[in-house]
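One-letter residues, chain by chain:
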Amino acid sequence: MSKIAIVGAGPAGCSAGYHLARSGHDVTLIDKQAFPRDKVCGDGVSIESIQAISMMGIYPHDIKKLALEYAPIHHFFLGVSNQIGHSEQTNLEAYCIPRVVFDQLLYERAMDAGCHFLTQTVHKNDWHRQGLDDAFDTIIDARGVYAGEVNAIAIRAYWTLKQQDLPESVLNEAQIHFDRSLGVNGYGWIFPVSTQHDLIKLNVGVGVWLDEYQKLNINVIQLFKQFIQNNQTAQQMLSKVVSQQPPKVFPLATAKKGNKVTDGRILKIGDAANLTDPLTGEGIANAVLSGFHVAQAINMSRTADQVAENWQYLYESHFEADLRAGLRIKALRKFSFMNYLLIWLMKQNPRVAQQVSHAVAGVVPYNEVLASLKY
Ligand SMILES: Cc1cc2nc3c(=O)[nH]c(=O)nc-3n(C[C@H](O)[C@H](O)[C@H](O)COP(=O)(O)OP(=O)(O)OC[C@H]3O[C@@H](n4cnc5c(N)ncnc54)[C@H](O)[C@@H]3O)c2cc1C
């Protein structure tokens, strides 16, 4: 049994904590914030994320029983600049859950598994000074985006509307809109996150990649306003809003080439290891899965050096191919007609439509989408 410190108790840290405590280690989760705590996010819990949290013993019926707010997602909509769009129904159910609710479920699961919790801010340079390296055999860095390399920025707002003012299809549909004003890879989203007492709460936001954002020469709040102004669906919804929370900005650490998930003997997981999808900005699934795999690396190694080597190895075998394929598709999308072409192909070919929607939801690897587009 080892003494393990996990700094950061988001989805990555709680998943690692859960699996390590269940396998008999003495685990301390350290977070600068007490729980429940919010995290700025689109709140999209993809099909892949649902699969990943089932490894922590959280199943859809637990979400329905325990989550105070959630919306099941049955349709994925992709559209470009009000001109072309396709909505695909999927039989596999995804969810949208406000992070303040979702992260609490994972935190409670980690605590039930036997983790201890400390509220403390730990900066990387303080680890030695605060004695973490003396007190613990292994340190896992799960501090999220600021511990990784920031390469994208996003903003989200919550809008509340009356359900009767919206078409029923919107209640269970995750919408992603590519808009020329957001660069070729940027997008806006409209996600339902809860339906209660005849009201619907929507998470509305935009995400842009820094390389494109810097060229746009406009601040992200203005970009958000511009998206709302340009997008017909967002405009219609805004006209019916009964209350709203002001938008909040937060960065992302999406995948990068030649990624190292260890820093000496420190093991990096989740956003701290740049594991977020480079096309959709979806990071919860890989955060949770990286917690599982890092626990495997610890359980299956004999020395601390082997742990670090094995975590890098497991990262390369389980995550890298898909993230690289995502980066390849992202590079192709520098030609702006690709967004139109993709949605046109989805409209023409039901198989492509299903593959693309399932890839957005994380169940189909990007390599398979690239292969399906060749036929
Ligand atoms: C606007 C936006 C929209 C997004 N939308 C989606 C989406 O719809 N679906 C999706 O799957 N992903 C989405 N993502 C990405 C997703 O939010 C992240 O990938 C995910 O939160 C990563 O989990 P994590 O556990 O690695 O980090 P986090 O969830 O950020 O958790 C890190 C934890 O570390 C703690 N911490 C930080 N610094 C310290 C410190 N110095 N000392 C102690 N504790 C510290 C924090 O308090 C936090 O609790 C979005 C991101 C943004 C910014």
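Residues numbered from 1 in each chain as written. Predicted model: local features only at pLDDT ≥ 70, side-chain atom pairs only at ≥ 80, totals over all residues. Heavy atoms only, no water.

**Quick notes on empty space enclosed by the protein**
Argument step 1. In the structure shown here, the tally under the stated rule is 2 cavities of 30 Å³ or more.
Argument step 2. Within this model, the largest cavity holds a volume of roughly 80 Å³.
Argument step 3. Glu48, Asp277, Glu282, Ala285, Asn286, Asp322, Leu323, Ala359, Gly362, Val364 and Tyr366 are the residues that line the largest cavity.
Argument step 4. Of all the secondary structure elements, the ones that give two or more residues to the lining of the largest cavity are helix 9 (284-299) and helix 10 (304-332).
Argument step 5. For the lining of the largest cavity, the residue count by class is 5 nonpolar, 2 polar and 4 charged.
Argument step 6. Counting residues domain by domain, the lining of the largest cavity receives three or more from each of domain 1 (3-37 + 101-149 + 254-331) and domain 2 (335-374).
Argument step 7. Put simply, the second largest cavity is a space of about 40 Å³.
Argument step 8. Along the walls of the second largest cavity sit Ala255, Lys256, Lys257, Gly258, Tyr315, Glu320, Leu323, Arg324 and Leu327, which together make up its complete lining.
Argument step 9. Residue composition of the lining of the second largest cavity, grouped by class: 4 nonpolar, 1 polar and 4 charged. (1 Å grid on protein atoms, 1.4 Å probe; cavity = no way out; pocket = protein on both sides within 12 Å on 5 of 7 lines; lining within 4 Å. Points joined across faces, edges and corners; volume = space filled by probe spheres on them. Helix = DSSP H or I, 4+ residues; strand = E, 2+ residues; numbered from the N terminus. Nonpolar A, V, L, I, M, F, W, Y, C, P; charged D, E, K, R; others polar. Domains from an automatic or database assignment.)

**Some details on the domain arrangement of the chain**
Argument step 1. Split by domain assignment, the chain resolves into domain 1 (3-37 + 101-149 + 254-331) and domain 2 (335-374).
Argument step 2. For domain 1 versus domain 2, the separation of C-alpha centres amounts to 31 Å.
Argument step 3. Residue-level contacts link 9 residues of domain 1 with 5 residues of domain 2.
Argument step 4. Carbon and sulfur atoms make up 60% of the area that domain 1 and domain 2 hide from each other, which totals about 670 Å².
Argument step 5. When the buried area of domain 1 at its contact with domain 2 is split by residue, Thr280, Asp322 and Ile329 rank highest and sum to 47% of it.
Argument step 6. Inspection of the region where domain 1 meets domain 2 yields 0 salt bridges.
Argument step 7. Taken together, domain 1 and domain 2 are joined by 3 residue pairs in polar contact (both at pLDDT 80 or more).
Argument step 8. Tallied by class, the residues present in the side of domain 1 that touches domain 2 amount to 4 nonpolar, 2 polar and 3 charged. (Contact = heavy atoms within 4.5 Å. Buried area = accessible area lost by both parts, 1.4 Å probe. Salt bridge = Lys/Arg side-chain N within 4 Å of Asp/Glu carboxyl O. Polar contact = N/O pair within 3.5 Å; in protein donor to acceptor, adjacent residues only side chain to side chain.)

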